[in-house]
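# Observations on the model geometry
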Amino acid sequence: QVQLQESGPGLVKPSETLSLTCTVSGGSISSHYWSWIRQPPGKELEWIGYIYYSGSTYYNPSLKSRVTISVDTSKNQFSLKVTSVTAADTAVYYCARSRYTATAPYFDYWGQGTLVTVSS
Amino acid sequence: EMVMTQSPATLSVSPGERATLSCRASQSVSSNLAWYQHKPGQAPRLLIYDASTRATDIPARFSGSGSGTEFTLTISSLQSEDFALYYCQQYNNWPQTFGQGTRVEIK
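Below, the structure is looked at part by part. (Residues numbered from 1 in each chain as written. Chains lettered and ligands numbered in written order. Predicted model: local features only at pLDDT ≥ 70, side-chain atom pairs only at ≥ 80, totals over all residues. Heavy atoms only, no water.)

Centre-to-centre distance and the angle between the planes together describe a pair of aromatic rings. Counted according to the given criterion, the structure contains 22 aromatic pairs over all chains. Ring geometry for A:Y33 and A:Y50: centres 5.1 Å apart, planes at 90°, overall edge-to-face. One end of the pair, A:Y33, is in strand β4 (residues 33-39); the other, A:Y50, is in strand β5 (residues 46-52), with 17 residues separating them in the sequence. The class of A:Y33 is partly exposed, set by a relative accessible area of 21%. With a centroid separation of 6.2 Å and 70° between ring planes, the pair formed by A:W110 and B:F98 is classed as edge-to-face. Of this pair, A:W110 sits in strand β10 (residues 106-110) while B:F98 sits in strand β10 (residues 97-98), which puts the two residues in different chains. Pair check on accessibility: A:W110 and B:F98 agree, each one buried. Grouped by ring-pair contacts, the aromatic residues A:Y33, A:W47, A:Y50, A:Y52, A:Y53, A:Y58, A:Y100 and B:W94 constitute a single cluster. (Phe/Tyr/Trp six-rings, centres within 6.5 Å; stacked < 30°, edge-to-face > 60°. Helix = DSSP H or I, 4+ residues; strand = E, 2+ residues; numbered from the N terminus. Buried < 20%, exposed > 50% of the residue type's maximum accessible area, 1.4 Å probe, protein only.)

What follows concerns the interface of chain A and chain B. On the chain B side, the residues contacting the 20 residues of chain A number 21 residues. Summing the contributions of chain A and of chain B, the shared interface buries around 1,800 Å²; its carbon and sulfur component is 64%. If you look at where chain A meets chain B, you find zero salt bridges. Scanning the region where chain A abuts chain B turns up seven residue pairs in polar contact (both at pLDDT 80 or more). Listing elements by their share of the side of chain A that touches chain B, those giving two or more residues are β4, β5 and β10 of chain A. In terms of residue count, the dominant contributor to the side of chain A that touches chain B is β10(A) (four residues). (Contact = heavy atoms within 4.5 Å. Buried area = accessible area lost by both parts, 1.4 Å probe. Salt bridge = Lys/Arg side-chain N within 4 Å of Asp/Glu carboxyl O. Polar contact = N/O pair within 3.5 Å; in protein donor to acceptor, adjacent residues only side chain to side chain.)

Take a look at the structure:
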C-alpha cells in the first residue's frame, strides 16, 4: 500500500519561503506523477502543481510564479517551495500521487496533510 | 476556471439509509470526475473516478453516476464508517478543480 507523509515547518513568516517534503513509502516514486494540493481554512481544495519522476513539472497558473516542485528519486521524496508567502498561503498542504489521464490527473493516494501557518 | 458546486453542504442520514450527494460543473466535464472521502486526521481517499468506476477496495455500496455537468454519488446503506466529508473533482480541464464538499453526518 502506497503511503505519503508530508513534513516541514508548521509556521512560516510573511515574505519568507515555505518548504515541504513528501516521503513516499510502499512503492517507488518512479513512473508516476506527484502533486501538491492545499486547502486554506474554509476554502476549497486547490491543486498547486505536479512533477513527473523524471523531473518535468506543471503548475497551477495562479501560483506558477512562486512555486517550485522538485523530486529526489534516491530518497523517494518530492518537495514543494512557495516563495514570498503571505497570510493567504496559510493552508493544510497535501501531497498526492496523480493518475494521469488524457485530460488532467486525479489523485489515488494522499498524505494526511500538514498545516502551515504564515504569521510573524 | 471550472467551478464545481456540491449540494447539500450537510446531509443528515441515519445508519442503514441511502445517501445521495450531488456535484454540478459550471460547464461540461464529460465523465472526467472523481469523488473522494475525507475523515478528520486521515488522508483523503479516492472512491470513484471516471464518474462511475470504483477505485481499488471501495465497497460496492458506493456508486457514482452522471456525465456532462450533473453527477451523483450514492451510498446505498450508510455504515458508521461512512460519516465523513465528500469532495468531487473535475479533471477535464486545467487546472483540475474541487467542489466545496458535502458533510455526511449522523441523524
